[in-house]
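Examining the three-dimensional arrangement
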Amino acid sequence: MRVNAYAAPAAGQPLAPTTIERRDVGANDVLIAIEYAGICHSDIHTVNGDWGPQPFPVVPGHEIVGVVAEVGAGVTGHRVGDRVGVGCMVDSCGECANCRAGDEQYCLQGMVPTYAGTDRDGTTTQGGYSTHVVVDAGYVLRVPGGLDPAAAAPLLCAGITTWSPLRRWGAGPGRRVAVVGLGGLGHMAVKLAHALGAEVTVLSQSLKKQEDGLRLGADAYFATSDPETFSHLAGRFDLVLNTVSAAVDVDAYLSLLAVDGALVNVGAPADPLSLNAMSLIGGRRTFAGSMIGGIAATQEMLDFCAERGIGAEVEVVPADRVNEAYARVLASDVRYRFVIDAATLA
């Protein structure tokens, strides 16, 4: 079926309206009428070519919420009319050790990303800046009732990207967590870490978002532009979650960790990061990375958010303002996630 979409025609070029072909609904597929699609910084990195050559034209979007319009004959877990979501992947081998362990995002054969990837049939995947998408039922999430669909869309990337390391490194009562950056990822990290019971501190370049940070659940807020911040907080945290997509002084942030603490990178800067090994050795510290989460973990996160009324802070925009939204993301002029109203593509 032909559907309306917004696509980047080439690296660094503005997105423009287009039409794309979606495959027929197979036995194990779900056709989703998209309601909302979040704008992730990864979308901008991809269309700007920051992460290397891409299979242009590219339709971005991997924070998708919509309603089931059709299901294949073999689908039992979703029904027409259900509200569902699709995150950053739409397939994996399902057979390797990582897939069997529920870590499909680390599939040893390579998970299939929601856009700009090569699907199992050899076609290029196209994302959620469109009116409809067809996805294997095993990669379709249930969006619980009670979650606002626009606010739920960013949970499919920003939510699970921060949920995974918070769970993996034990954020909870008695644990001190610092969140570096209060943007699309960072604001979700604050909400989730607070809801999990951790003591939460925001580390941001300035104090201009301090009121927001405290409202979202932070217990403290410090400016990293103040050199006294790093001496004052030295050795304090069990977990530092770095959400920014720019180069940072890794050694400085490692100094904030207690013994056995972990600095976990979820932001994906275009340039390499470096560190002094003594920053790790001196405190038995860990520098790690984390990428989204498996399907079961993503559903767990959605259910947790529904139970506690947690959604992203969003600004809903029509599709014809996507290029303006990109510019504002790069200028840090959004609080805290843009979401495209897919009805404006019809």
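Structure shown above.
Residues numbered from 1 in each chain as written. Predicted model: local features only at pLDDT ≥ 70, side-chain atom pairs only at ≥ 80, totals over all residues. Heavy atoms only, no water.

**Describing the sheet that holds strand S13 (residues 237–242)**
Just so we agree on the cut-off: Pairing between two strands is assigned when DSSP locates at least 2 bridges connecting them. Each helix is a run of DSSP H or I of at least 4 residues and each strand a run of E of at least 2, with the numbering of both proceeding from the N terminus. Angles shown run from 0 to 180 degrees and are taken between the N-to-C directions of axes, each axis being a line fitted to C-alpha atoms and, for helices, limited to the stretch in contact.
The strand order across the open sheet formed by six strands is S12-S11-S10-S13-S14-S15, and the pairing between neighbours is parallel. If you trace the sheet from one side to the other, it starts and ends with strand S12 (220–223) and strand S15 (286–289), each paired once. Here the average twist between neighbouring strands, direction ignored, is 20°.

**What to know about the nonpolar core**
In summary, soluble globular proteins display a tendency toward joint burial of nonpolar side chains. Short version of the rule: Only buried residues count toward a nonpolar core, which is a set of Ala, Val, Leu, Ile, Met, Phe, Trp, Tyr and Cys residues joined through side-chain atoms within 4.5 Å. Classification of residues uses two cut-offs on accessible area relative to the type maximum, computed with a 1.4 Å probe and protein chains only: under 20% is buried, over 50% is exposed, and between them is partly exposed. Contact definition: two residues touch when any of their heavy atoms are within 4.5 Å.
Leu155, Leu166, Val177, Val190 and Leu192 are the most contacted members of the largest nonpolar core, which totals 72 residues. Top contributing element to this core by residue count: helix H5 (residues 184–195), with six residues. When near neighbours in sequence (up to four residues on either side) are disregarded, Val190 contacts Val179, Leu182, Val200, Val202, Gly213, Leu216, Gly217 and Ala218. Ala7, Ala37, Ile39 and Val59 belong to the second largest nonpolar core, which has 23 residues in total.

**Some words on empty space enclosed by the protein**
Quick note on the threshold: Cavities and pockets were defined on a 1 Å grid built over protein atoms only: a cavity is a set of grid points that admits a 1.4 Å probe from which the probe cannot escape, a pocket is an open set flanked by protein on both sides within 12 Å along at least five of seven lines, and lining residues are those with an atom within 4 Å of any such point. Grid points are joined across faces, edges and corners, and a volume is the space filled by probe spheres set on the points.
As enumerated under the stated definition, the model contains one cavity of 30 Å³ or more in all. Size it by volume and the largest cavity reaches roughly 70 Å³. Gly87, Cys88, Met89, Tyr139, Leu141, Leu156, Ile160, Ile292, Gly293, Gly294, Ile295 and Thr298 together form the lining of the largest cavity.

**Side note on the pairing of strand S3 (residues 29–38)**
Residues in a regular strand project their side chains so that they alternate between the two faces of the sheet. Among the 10 residues in S3, eight count as buried, and that is most of the element. Pairing of S3 with strand S8 (residues 132–136) involves five bridges; the strand directions are antiparallel. Considered in S8, the bridge of Leu31 is made with Val134. The pairing of S3 with strand S4 (residues 64–71) spans seven bridges and is antiparallel. Among the inter-strand pairings, Ile32 is bridged to a residue of S4, identified as Val68. By the bridge criterion, three bridges tie S3 to strand S17 (residues 337–341) in an arrangement that is antiparallel. In the strand pairing of S17, Ala37 is matched with Ile340.

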